[in-house]
Amino acid sequence: MLLGVLLGVAAGALWGLIYIAPLAVPEYNPVLVALSRFIAFGVISLPFLWVFRRELKAFTRADIWESFKLPLLGNVLFYCLLTICIRLAGAPLAGMFMAVIPVLVAIASNIRYAGSKSAVAWSKILPPLAVIFFGLIVANLTEFERAAAASAEGGMQYWIGVGFGLAAVVSWTWFSIMNAEWLLNHPKHNAAAWTALQGVTVLPFAACLFGILAWPAGLMDTGITLMGAAPMKFLAVALGIGLLCSWVAMICWNKMSQILPAALGGQLIVFESVFAVIYALMWRGEMPTLSMTIGFVILMGGVLGSLRVFQKHTESSTDDTPEHTLRTAGVANHAELQAEGTHDN
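What counts and what doesn't
Residues numbered from 1 in each chain as written. Predicted model: local features only at pLDDT ≥ 70, side-chain atom pairs only at ≥ 80, totals over all residues. Heavy atoms only, no water. Helix = DSSP H or I, 4+ residues; strand = E, 2+ residues; numbered from the N terminus. Buried < 20%, exposed > 50% of the residue type's maximum accessible area, 1.4 Å probe, protein only. Contact = heavy atoms within 4.5 Å. Areas by Shrake-Rupley, 256 points an atom, 1.4 Å probe, with all protein chains shown as cover. Expected span 1.5 Å × (residues − 1). Bend = angle between axes of the 7 residues up to and from the residue. Salt bridge = Lys/Arg side-chain N within 4 Å of Asp/Glu carboxyl O.

Enquirer: Before we go on, may I ask you to explain the overall build of the chain in this structure?
Expert: The secondary structure content of the chain amounts to 16 helices and zero strands. Taking all 345 residues of the chain together, the buried fraction comes to 52%. Residue pairs at least 24 apart in sequence account for 84% of intrachain contacts in the chain once pairs closer than 6 positions are excluded. In the structure as shown, the chain presents an accessible area of about 15,500 Å², 71% of it carried by carbon and sulfur atoms.

Enquirer: Got a minute to help me understand helix α5 (residues 61-89) in this structure?
Expert: Since there are 3.6 residues in each turn of an α-helix, residues three or four apart along the chain are aligned in direction. In a regular helix each residue adds 1.5 Å, so 29 residues correspond to 42 Å; α5 covers 40 Å between its end C-alpha atoms and thus fits that length. Along α5, the largest kink reaches about 35 degrees and is centred on Leu72.

Enquirer: What should I look at first to understand the pattern of salt bridges in this one?
Expert: Should their charged atoms come close, side chains of opposite charge can pair. Enumeration according to the criterion identifies two salt bridges in this entry. Among the salt bridges present, the one from Glu181 reaches Arg112, with a minimum N-O distance of 2.7 Å. Of this pair, Glu181 sits in helix α9 (residues 156-185) while Arg112 sits in helix α6 (residues 91-112), and the two are 69 residues apart along the sequence. On the basis of relative accessible area, Glu181 is assigned to the buried category, the value being 12%.

Nothing here speaks to function; it is all geometry.
See below:
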């Protein structure tokens with residue numbers, strides 16, 4: 001379990017960089033920055049199809065379709081929705097929406113797997129989730145104030161941004177649960193090979209969409225050229241976030257998803273928000289506020305409490321549950337798992 005947590009924290013630390021990327025290339029629309037990230041992710045993934053050619057032989061057509069659908073709806077769509085939310089309603093509101101996701105994923109997962117060995121008693125899981133949520137509120141007090149000010153000044157544009165933010169929350173919550181469920185149901189599949197497959201399958205869509213939006217017609221504020229005003233800087237940022245925030249981060253997250261239950265692993269997305277704030281403060285050369293520091297301490301207490309709940313739940317489940325069934329937390333029972341294995345083959 002410790003390895004899974006460390007992988008989740010590492011993924012969050014890398015994903016926090018995506019909030020700095022648009023600031024590094026202010027000449028470009030953030031949607032283009034988002035799409036460039038996934039184009040770079042796909043290009044970086046291409047040679048790994050050869051590296052993992054033996055592992056990839058174990059993937060069925062259904063697996064390949066999932067490798068396209070999951071990142072398309074949960075990564076590309078999510079990041080585009082989030083960047084539009086930032087553009088229309090401001091970063092503070094987007095940060096607040098991100099703060100809701102860890103708790104929402106845990107609740108949605110527990111509801112989805114109700115009645116199975118994966119479900120945790122609400123009386124045990126709700127207290128640490130409440131602490132996490134309270135810590136996020138305290139840490140984001142200044143962001144609430146900025147969001148309130150933006151709401152008063154933004155008019156209809158602000159509320160359109162709110163809609164995109166809500167859609168982003170739904171997108172990531174769905175992806176976190178479904179991606180973890182697929183990986184838990186396929187423990188023998190290589191997580192790095194799955195990551196490479198995700199990058200390659202989504203590459204054509206991201207590239208086509210980028211080409212349409214970035215064409216010299218100026219649909220996305222790129223001016224008169226396809227690559228915009230600062231092409232070398234833009235390419236450097238795209239490759240950087242494609243490598244770190246997509247390739248490396250997704251390997252960490254996918255490997256974590258093979259180890260931890262979805263309800264616990266999804267909570268670790270909270271570290272994306274934590275590191276995003278840290279990086280933003282470093283970028284602006286500011287010190288954290290007192291409320292932010294206190295909030296983060298409370299948040300960490302909630303995360304540690306949640307880890308203890310799931311650790312005890314796992315230990316108690318191990319006493320009367322076969323190891324294979326316990327690992328496949330996305331399946332209600334062992335018979336369902338055997339049925340899915342039959343369909344895959």
